[in-house]
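One letter stands for each residue in the lines below.
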Amino acid sequence: MHLLSMEGSHNKPAKHSAGQGPSQPSITSKVERLALEQSAFRFIYRPTEKIGAIVVDNFPMLGKLTALRFLEWVQANPEGVIALPTGKTPEYFIKYTRYVLRTWSRPSTQKELATWGLDHRHRPDMRGLRFVQIDEFYPIDPNQTNSFYYYVRRFYINGLGLDPRKAMLIDGRKIGLRRGERLADVWPNQQVDLSLRYRQPRSYLEQRQQAVLQAVDAWCMEYEDRIRAMGGIGFFLGGIGPDGHIGFNIPGSDHHSTTRLCQVNYPTQAAAAADLGGIETVRRCLVITIGLETITYNPDCVAIIMAAGAAKAKVVATAIQSAVDKRVPASALQKLPNARFYLTGGAASGLMERRLAHLKAQKALEQAQIEKALIDISTSARKPLLALTNQDLRSDHFGRLVLDRTGLPAKALAQKVHRSIVAKIDRGMQVSEDKCFLHTEPHPDDIMLGYFGYVVRHIRRPGNRHYFMTATSGFTSVTNRFLGWHVQNARRFLTTDTFSQLMQEGYFRPDDAMARNRDVWQYLDGIAAANEEMKAEGCARRFIRNLIQLYGSKDRPAMARCLDQLDRYIQTAYPGKKDPKPIQQLKGMCREWEAECLWGYHGWKPGNVFHLRLHFYTGDVFTKAPTWGQDVLPIVRLMERIRPDVVTVAFDPEASGPDTHYKVLQVMAEAIRTYQAQTGRYDLRIWGYRNVWYRFDPSEADIMVPVSLNMFSVVRDAFTNAFLSQKDAFFPSPDYEGPFSDLAQRIQVEQYQTIKCCLGRDWFYHHESPLIRATRGFVFLKEMDCDQFYRSCLRLRRATEGVG
C-alpha cells in the first residue's frame, strides 16, 4: 500500500465537453483550462453559484492542480507576494510542489510541465517571492512544533526554498517584550484578557499585559501596512474551516477587516484542539490573523480555497452559493475575479447544480438516488412519504428529474421508498444467532459511538461470540493533564498496604492474564458500588502494570522514580507536543484500558479485546502509509485465529486526505481479501458503520437499528465511566460542545426524526412491537458482502489516493 507516486502522475488531461458552457468567465490560466477540460463540471453554474470551482477526481490531484497553478503564477510573478495555508489539507500541494522543483530538469517532469502549459525551460526562482504568514495562535511560542510559525518555516521557507529575509512571519516573541522577557512571563497559562484594551489595569502584571497588548495591536496595523505597501497579496491559497472560516476570519467577521488580534468561536477552537493539546489550551489562546480585506485588497489577487472530503460539503456549498453575507466569510472573495475553489468530488457533493448535472449525465437513476430525492422532499416539506404529490416532486429540482426519468407517479415512487425504509428497520430489529463477530474500530470508542446499541442486542444472545479489535491506541487524544492524574493516582496507591500485598503475590507479572482481568473487575466493582476509591485503585493497578511493562520498574523505589520522571515531563512539555515513543505508548495504554473496561461492562474479558497498535499511526502532521507486514498481516492473523462470520468496519466517506479512519479501512479491506483467499470464506458479511464524524444518508443505509431511551442511558453511563480520558471532551467535535456520547445521541435522534417524518408518527405509535413504540433514535449501518465492500473501498481509494 502506498501513496500516489508523483513520478507516475504524468497523464495528459482528457478533454471533456462538460468543461465548456454558456456564460462562462474567461479563464486565462492554462493550468485551469486543462483542469476544466478533464473535469465533469463547468467552472460556474450561475445564478446558483457565486464563485467558480474546479472539481478534481481525488485528493492527490487536488494538490497537484494547486501546485501547478501556483508554479504557473510564480513564473509570471517571480517577485510576487504569496500567502499559503497550514494544516493537513495542503499535504499534496506541498509534496507535489517540492517534487516538481526538485525534478524540474528530468525529461518526464519537463514533458508534464509542457502539457500543463508551464514554461518548462525556466525553473522559477523561489527566492524572489515574498511570503506572508496568514495566521497564528497567540501567545504561542513559535519554537513549538505545533505552531504555525514552525510549520511555515519547515514546509514553506525551508521546504520550498523561499528567502527567509523576504518572509513576513508572526513571531510573538518579537512583539512588545523586553530583553530576556518571555511570553509566559507576560501571559501565565497563555491567558490573554482583551478587556485590558479599554479598562484600567489592577496590578503590575496587568500593566505589563496592557502594554504588550497595545504593542500587539500596533504590530498588527504595521503588518497590514507592510502588506499593502507591497501591493497586497498576489497569490492566496487557503483552506476553509468547519464553520466556514478563512484564515481565522470566522462567521461574523467584517468583510473590511484587517490584520488583528482577536478571539475565535467554538467550532474553530474545536478544530484546532488536536494540534494544540486539547480544547482547554485553545480556549485560552487568541489568534493573530490577516483580515478578509487583507486578502481582497489587491483586485488582481489569485485567491484559491481548497477543500477535500464529504465533511466539507455543507460548508463549501454555503460558501459558493451564498450572496455576500457577513455570516459567510468566503463570500467576501466574490469581489475578486480570480477567486475560485478547488474541490474534490466529496467536497463538491453539496453543490446543487453539480449534483443535478451529475444525475442528468447518468443513463438511469439508481434506487438510492431516488430514495434520497424523496426523503429530502419529505423532510423539507414535513410531509410523510405517502402524502407526497406529483406537485411536491415537481416543485423540487431532483424530484422533477425523478418523475421525468422513471415515468412513475409520486404515489408509486413514495410507496416503494416507504417499503424500503420499513424493510431496513425490520432488518435492524433482527438479531443474529450463533455467529462470531469481529468488531473493529480505528480508535477506542469508535464502536461505542457508532452502533453500540446493536452490539448490546447481539451480546445478549449466548450463542454469539464477540471479539473487539482496536487498530490504533488513540494516544493523540490523551492530554498531559489526564496522564498527570494517572501519575498522581498511582503515586498514592504505591503507599498502600494493598499494593505491598499485590507485589508479594506477583500480581503485576506481565504474563498474568487473570490479574489483567482483576484490574478490570476492580474498576467495575467500584462503578457498581459508586465508590471512587475502588475505581481509582483499579486504574492504579493497570497503570502500574503498564509502567512495569514499558520501563521495567520492579519495586516500589523504582516505580516512584519512574513516576517522578513522568511528572517532570508532564510539567515541562507544552500541550500538543509530539511525545517521545514511550509516552505515546503509555498514553495509548490508558485508552486501551478504557476499551477493556467498556467490554468488561458486558462480560467480555481482556482476552477478547485486541489492541493492534498499527504502525502507520505516529502522531505526525503527515503520517506514513500503511504497510503489509506491519499493518495488514496482524489483522490477517487475528482473523485466522477467530474465524469471524461478521466483520464490522468504520466506513467513512471521502475524507480530507488519507486520515486514520481511511487508512484503517483500506488495511481492513486488504486483510479481509487475503483472509478470504486463504480460507475460501466467501460468506463473510461486512457491516459498515459511522459515528460522530460522518453520517450515512438514509438512502445509503441497509440496516436501521431502533434505539430506545433506555439504550441512550446505557451508552451515556458506559461512556462516562469507561472512557475517562474522553468524558470531558478535550478533543471535541466542532459540531457539538460536549462529550461524544451526547453528540452520538443527538445524531441518532436526528436520524429518528427524519425517519419519523418519512413514515409518519402514527407508524411508530401504533406499531405492534414495543421496541418500535419505544424508539427515539436510529443507528444506520450498511451491510455488504466482500465484493461490494472491496468495490466501495476501491472507489474511496481512487478518490483519496488517486490509485486503484
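Residues numbered from 1 in each chain as written. Predicted model: local features only at pLDDT ≥ 70, side-chain atom pairs only at ≥ 80, totals over all residues. Heavy atoms only, no water.

Turning to the pairing of strand 8 (residues 286-289), a few remarks are in order. Of the two faces of strand 8, the one carrying L286 and I288 and the one carrying V287 and T289 are both buried. In this structure, strand 4 (residues 135-138) lies alongside strand 8, joined through 4 bridges in antiparallel fashion. Counterpart to D135 in the pairing with strand 8 is T289. Inspection of the sheet shows strand 7 (residues 260-262) paired to strand 8 by 3 bridges, in the antiparallel sense. Bridge pairing in strand 8 links C262 to V287. (Buried < 20%, exposed > 50% of the residue type's maximum accessible area, 1.4 Å probe, protein only. Helix = DSSP H or I, 4+ residues; strand = E, 2+ residues; numbered from the N terminus. Pairing = 2+ DSSP bridges.)

Here we have 3 strands laid out as an open sheet, ordered 4-8-7, and antiparallel in their pairing. The outermost strands of the open sheet, each flanked by one partner alone, are strand 4 and strand 7. The mean inter-strand angle of the sheet, taken between neighbouring strand axes irrespective of direction, is 25 degrees. Along the sheet face, helix 7 (residues 204-229) touches strand 4, strand 7 and strand 8 and points at about 130 degrees away from the line of strand 7. (Axes fitted to C-alpha atoms, helices over the stretch in contact; angles between N-to-C directions. Contact = heavy atoms within 4.5 Å.)

Those residues of helix 8 (residues 266-276) that sit buried are Y266, T268, Q269, A270, A272, A273 and L276. Tucked into the core, helix 8 has its buried residues touching strand 4 and helix 9 (279-284). The positive-phi residue at the C-terminal boundary of helix 8 is G277, with phi of around 85 degrees.

Pairing within the open sheet is mixed, and its 7 strands lie in the order 13-12-11-14-15-17-16. Each of the sheet's edge strands pairs with one partner strand only, and the pair in question is strand 13 (609-611) and strand 16 (703-708). Pairwise comparison of adjacent strand axes, ignoring direction, gives a mean angle of 25 degrees for this sheet. Two elements, strand 15 (residues 685-689) and strand 17 (residues 775-785), share 5 bridges in a ladder whose sense is antiparallel. The residue of strand 17 that forms the bridge with W687 is E783. Those strands touched by helix 17 (residues 446-459) are strand 11 (436-441), strand 12 (465-470), strand 14 (646-650), strand 15, strand 16 and strand 17, and its axis lies near 165 degrees from that of strand 11. Contacts from helix 27 (residues 740-759) reach strand 16 and strand 17, with the element oriented near 90 degrees to strand 17.

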